[in-house]
Amino acid sequence: MYGPGDVRVENVPDPTLQQPTDALVRVVRSCVCGSDLHPYHSMPASAEGRPMGHEFIGVVEETGSAVSAVKAGDFVIAPFAFFDNTCEFCREGRTTNCLHGGFFSTAQAEAVRVPQADGTLVPAPVGEDSALLPSLLTLSDVLITGHHAAVTAGVSARTSVTVVGDGAVGLLAVLAAKRLGAEQIVLMGRHKTRTDLGREFGATDVVAERGEEGIAKVRELTGGHGTHTVLECVGHLPASEQAYGVVRAGGVISRVGVPQYEDAPTGMGTLWGRNVTLTGGPGAQRPYIEELLPDVLEGRIEPGKVFDRTVDLDGVPDGYRDMDAREALKVLVRP
Ligand SMILES: [Zn+2]
């Protein structure tokens, strides 16, 4: 990506092993993320450009001498962050805060160098032609991110839920909330084909209105008080304000949309006065993949339904344009 709206497909040197803990993974499927659209709008124009992509599944081609948990030929899921899975934060399940970790940024490509391969890569017993590939790819980001929103908000059978945002993460936050037992799930979104999929994933109510009108509608659906939990899956300040408006007193807001702001209100009229807890963050926690993988493999959930368009590498610039124009919900990349 060279600047707003400027995505080019180029040949670059193949990645190589650099550390004994690295693996090389040939990408079988990647995709374009809603968070990739933030720089697509606002990155400063750059002569060098920057590589893009942080979601991928693929086959291990080569491993460094210190790698023992995966081997050449293994089909693997890579979360959007890499981590050793052994440091004190990883042992607490907070793998995105690994002391030796970082985030992938070159996955819209044919191959990726994976640091900390033993900790990062999760093997999956499937072939490259598996019909499950789209759903497995959601374990790289959008499903585990939606699940992180639901888990950190404390969603359970006893909590009502509002999901703000009808992008892939929002829709899979609905799926995750349903999976955790929530009975009332209000989805705030205004694109009917998306909210229809949200209903299929478990949304009980859809609110298309925004701002004060949207807040009033959610309150009307919840006895005037709002929901116990709010999963904010957008990242822009208006979505955050929407969350403040629909959370019940004593409730929890979890933000998983990458925030495009640093300052937001937390005072008397918003969080403090109503005893509201704010949580959330990056959701690439390895335990989530291990928890959700059996549900995908055994067909209990089908998160891959969020992909509504497939492109090859040359089609990636079109994929960005279509997602940005809301003509595609989520674009699968097949290198
Ligand atoms: Zn770690």
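Look up a bit, the structure's there.
Before going into details, it helps to say that this report is about the structure given with it. (Residues numbered from 1 in each chain as written. Predicted model: local features only at pLDDT ≥ 70, side-chain atom pairs only at ≥ 80, totals over all residues. Heavy atoms only, no water.)

## Here's the deal with the packing of aromatic side chains
One pass over the full model with this rule turns up four aromatic pairs. Measuring from ring centre to ring centre gives 6.0 Å for Phe 80 and Phe 103, while their planes differ by 15°; the resulting arrangement is stacked. In this pair, Phe 80 is assigned in the loop between strand 3 (75–78) and strand 4 (81–82) and Phe 103 in strand 5 (residues 102–103), connecting sequence segments 23 residues apart. For Phe 80, a relative accessible area of 10% corresponds to the buried category. Taking NZ or CZ as reference, Arg 8 lies 3.7 Å from the ring centre of Tyr 2, over its face. (Phe/Tyr/Trp six-rings, centres within 6.5 Å; stacked < 30°, edge-to-face > 60°. Helix = DSSP H or I, 4+ residues; strand = E, 2+ residues; numbered from the N terminus. Buried < 20%, exposed > 50% of the residue type's maximum accessible area, 1.4 Å probe, protein only. Lys NZ or Arg CZ within 6 Å of the ring centre and 35° of its normal.)

## Points about the coordination of the zinc ion
The protein atoms donating to the zinc ion are Asp 84 (OD), Cys 87 (SG), Cys 90 (SG) and Cys 98 (SG), with metal-donor distances spanning 2.1 to 2.3 Å. Taken together, the four donor atoms coordinating the zinc ion and their angles of 94 to 124° define a geometry best described as tetrahedral. For the zinc ion, the donor residues sit on a single chain with the sequence spacing D-x2-C-x2-C-x7-C. The exposure class assigned to Cys 90 is buried, which follows from its relative accessible area of 5%. (Donors = N, O, S within 2.8 Å, 3.2 Å for Na, K, Ca; no water. Tetrahedral: all angles 85-135°; square planar, octahedral: opposite > 155°, others 65-115°.)

## Re the pairing of strand 1 (residues 23–31)
Side-chain positions along a regular strand alternate between the two faces of the sheet. With eight of nine residues buried, strand 1 is to be regarded as a mostly interior element. For strand 1 and strand 2 (residues 56–63), the ladder comprises seven bridges, and the chain directions are antiparallel. Bridge assignment links Val 25 to a residue of strand 2, and that residue is Val 60. By the bridge criterion, four bridges tie strand 1 to strand 6 (residues 111–114) in an arrangement that is antiparallel. Looking at strand 6, one finds that Val 25 is bridged to Val 112. (Pairing = 2+ DSSP bridges.)

## Comments concerning the sheet that holds strand 12 (residues 247–255)
Pairing in this open sheet of six strands is parallel, and the strands run 10-9-8-11-12-13 from one edge to the other. Every interior strand has two partners, whereas the edge strands, strand 10 (205–207) and strand 13 (277–280), have only one. Direction aside, neighbouring strands of the sheet carry axes that sit 20° apart on average. Of the strand pairs in this sheet, strand 9 (residues 185–188) and strand 10 are connected by three bridges, and their pairing is parallel. Looking at strand 10, one finds that Val 186 is bridged to Asp 205. Set on the sheet, helix 8 (residues 211–221) makes contact with strand 8 (161–164), strand 9, strand 10 and strand 12; between it and strand 10 the angle comes to about 160°. (Axes fitted to C-alpha atoms, helices over the stretch in contact; angles between N-to-C directions. Contact = heavy atoms within 4.5 Å.)

Any link to function would need more than the numbers given here.
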